[in-house]
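# Examination of the molecular architecture
So you can see what is in the structure, the chains are spelled out below.
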Amino acid sequence: MKRKSEYKLCNWCLERQCIKNHPLQKIVEDCKICHGIWNQLDKACNKIIQATKDYQYDSFLIGLTLDHSFYDNEDKFRSRFRIRGKENIKTSLLREIRKKFGNISNKKINLNYPDITINIQIGKKLETIVSVNSSTVVLSGRYKKVKRFQINTKNTDINDSLGVNQRHIEKILKKELLSRFDSDSIVFRPIGKEEPESLVLGNGRPFYVSIKNSKIISFKDDFSIQSKGMIFEINEKLRALPLSSPGYVKKVKTIVSFQENLRASDLKEINDSGIRIIEFVNRRSKNWKFIYHIEFKFKTQKKLQFTIICDNGLPIRKFIEGNENISPNLEQILNRKCKCDRFDILDIMNEDDLVN
Ligand SMILES: [Zn+2]
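Computed from a predicted structure; not experimentally measured.

Looking now at the overall build of the protein chain. A tally of regular secondary structure across the protein chain gives 9 helices and 15 strands. Computed over the C-alpha atoms, the radius of gyration of the protein chain is 32 Å, more than 25% above the 21 Å expected from 2.2 N^0.38 for a compact globule of 356 residues. Each principal axis of the C-alpha distribution contributes one length, and for the protein chain these read about 110 × 40 × 35 Å. Sorting the 356 residues of the protein chain into buried and exposed places 44% on the buried side. The long-range share in the protein chain, meaning contacts at least 24 apart out of those at least 6 apart in sequence, stands at 71%. Roughly 20100 Å² of accessible area belongs to the protein chain as shown, and the carbon and sulfur atoms make up 45% of that amount.

Below is the structure:
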């Protein structure tokens, strides 16, 4: 049986076994454990530099998959000489690659929230494959709509018209972000909806956007985009999409038409009310939204302007025009047919800001 000193090991592998008095040898490719992986370090780092050159990032994480034959070689040697509890070839190699690449690139290692994750696979014959993934960029912001969209939604129902508006805004935002982030997938999540003809003013409507496989992960957090009557203000980069969105209250201005002439006394009910609770019923659940304040102004005897402060989730047109799932709705409160000509969002406020 061979003695320790008869095994051909390179100095790197030898050090890892912590064997005392083992003669150092000039061995590289002949190493019985690593077959000269140590010499591949520069090559691997160059490959990483090539693979990451198009990314704009601050922090990275590197993972390594090593062919099992390298572990087998080391295990065999260690069990033959009863060497236990020492660092293995993969841990040692990975640490060296991370250190070396960190020095070359001048970027930081981040184990929890890296901007990019680099995966290295080293095969039996030292063939090396490098792949890079960037972490999803999640941004939060607000959008303002300062121009009404001219989209024909005459024949679509209320829900469709809200959807048409959202898709239109998404298209405008995507076009701007795709070129800016060199990404292949963008998901837009606004908090609440309005119609194509509705303006969104004040601070704007909050939204989140997640950008997958972005080449740009590190950038200034706040920027704004203006395009086609929309202003998107991005104000924060988040680690992930929040599980639930905070509560918001909206201030809405709406023009409502009536079939007959009205007098101020017909609107007594509006003036008398305090906070109203509006109940929604759908197939699956029951839900409640608050109306904190309503005021009105006569435009003509048949047309009134209402200003409503209510929970963000209250569907304005359905509330005004009387939907059997919403009660009380404006039609029930005033006891007459109401038609919502259009509504604009004057502002959307944080629920907490309103209380304080
Ligand atoms: Zn070796």
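Our focus in this paragraph is the packing of aromatic side chains. This model, assessed by the stated rule, comprises 14 aromatic pairs. For the pair Phe77 and Phe81, a centre-to-centre distance of 5.1 Å together with 55° between the ring planes defines the contact as tilted. The buried category is assigned to Phe81, whose relative accessible area is 14%. Aromatic pair Phe181 and Phe219: ring centres 5.2 Å apart, planes at 80°, arrangement edge-to-face. Here Phe181 is found in helix α5 (residues 158–181), whereas its partner Phe219 is found in the loop between β7 (200–212) and β8 (223–227), with 38 residues between them in sequence. Residue Phe181 shares its accessibility class with Phe219, and that shared class is buried. An aromatic cluster is built from Tyr143, Phe188, Phe207 and Phe232, whose rings are joined through pairwise contacts. Sitting above the plane of the Trp12 ring, Arg16 keeps its charged end 4.4 Å from the centroid. Positioned above the aromatic ring of Tyr57, the side-chain terminus of Lys107 is 4.9 Å from the ring centre.

Another aspect to go through is the coordination of the zinc ion. For the zinc ion, the protein coordination sphere consists of Cys10 (SG), Cys13 (SG), Cys31 (SG) and Cys34 (SG), at 2.3 Å. For the zinc ion, the 4 donor atoms are set out with angles of 106 to 113° between them, so the coordination reads as tetrahedral. The motif formed by the donor residues of the zinc ion, counted along the single chain, is C-x2-C-x17-C-x2-C. Residue Cys10 is located in the segment before α1 (11–17), and its partner Cys31 is located in the loop between α1 and α2 (41–52); the two are separated by 21 residues in the primary sequence. When its relative accessible area of 6% is taken as the criterion, Cys10 is described as buried.

One frequently used descriptor of interface size is the decrease in accessible area upon assembly of the parts. The domain architecture assigned to the protein chain consists of domain 1 (38–134), domain 2 (137–238) and domain 3 (248–355). Put simply, the middle of domain 2 and the middle of domain 3, counted by C-alpha atoms, are 26 Å apart. Listed as interface residues are 18 residues of domain 2 and, on the opposing side, 12 residues of domain 3. For the domain 2 and domain 3 pair, buried surface summed over both sides reaches about 1300 Å², with 49% attributable to carbon and sulfur atoms. Among the residues domain 2 hides against domain 3, the three largest losses belong to Arg148, Ile158 and Glu195. Together they make up 29% of the total. In this structure, the connection of domain 2 to domain 3 is made through 2 salt bridges.

Spatially, 4 strands are ordered β2-β1-β3-β4 in an open sheet, and the strand pairing comes out mixed. Lying at the two open borders of the sheet, with one neighbouring strand each, are β2 (108–109) and β4 (128–134). Looking at chain direction, strand β1 (residues 59–66) and β2 are connected through 2 bridges and run parallel. Each bridged residue has a counterpart across the sheet, and for Phe60 the counterpart in β2 is Ile109. Across the face of the sheet, helix α4 (residues 89–105) comes into contact with β1, β2 and β3 (116–122) while running at roughly 145° to β1.

Below, the discussion takes up α5. The end-to-end C-alpha distance of α5 is 34 Å, a good match for the 34 Å that 24 residues give at a rise of 1.5 Å each. Looking at the buried positions of α5, the neighbouring elements they touch are β5 (137–145), β6 (185–190), β7, β8 and β9 (230–238). Where α5 terminates, the next one or two residues include Asp182, which has phi positive at roughly 50°.

Our focus in this paragraph is the pattern of salt bridges. Under the criterion given, the structure shown has 17 salt bridges. The shortest N-O distance in the salt bridge between Lys145 and Glu194 comes to 4.0 Å. Of the two residues, Lys145 sits in strand β5 while Glu194 sits in the loop between β6 and β7, which places them 49 residues apart along the sequence. Like Glu194, Lys145 is buried. A salt bridge links Glu194 to Arg205; the shortest N-O distance between them is 2.7 Å. Of this pair, Glu194 sits in the loop between β6 and β7 while Arg205 sits in strand β7; the two residues are 11 residues apart in sequence, bridging distant segments of the chain. Summarising the burial analysis for this pair, Glu194 and Arg205 share the class buried. Salt bridges sharing common partners tie together Arg16, Glu74 and Arg78.

So, about the pairing of β4. Here β4 shows a buried face lined by Thr128, Val130, Val132 and Ser134 and an unburied face lined by Ile129, Ser131 and Asn133. Between the end of β3 and the start of β4, which pair antiparallel, lie 5 residues, with Leu126 showing a positive phi angle near 70°.

So, how was this worked out
- Residues numbered from 1 in each chain as written.
- Predicted model: local features only at pLDDT ≥ 70, side-chain atom pairs only at ≥ 80, totals over all residues.
- Heavy atoms only, no water.
- Helix = DSSP H or I, 4+ residues; strand = E, 2+ residues; numbered from the N terminus.
- Rg over C-alpha atoms; globule rule 2.2 N^0.38 Å.
- Buried < 20%, exposed > 50% of the residue type's maximum accessible area, 1.4 Å probe, protein only.
- Contact = heavy atoms within 4.5 Å.
- Areas by Shrake-Rupley, 256 points an atom, 1.4 Å probe, with all protein chains shown as cover.
- Phe/Tyr/Trp six-rings, centres within 6.5 Å; stacked < 30°, edge-to-face > 60°.
- Lys NZ or Arg CZ within 6 Å of the ring centre and 35° of its normal.
- Donors = N, O, S within 2.8 Å, 3.2 Å for Na, K, Ca; no water.
- Tetrahedral: all angles 85-135°; square planar, octahedral: opposite > 155°, others 65-115°.
- Domains from an automatic or database assignment.
- Buried area = accessible area lost by both parts, 1.4 Å probe.
- Salt bridge = Lys/Arg side-chain N within 4 Å of Asp/Glu carboxyl O.
- Pairing = 2+ DSSP bridges.
- Axes fitted to C-alpha atoms, helices over the stretch in contact; angles between N-to-C directions.
- Expected span 1.5 Å × (residues − 1).

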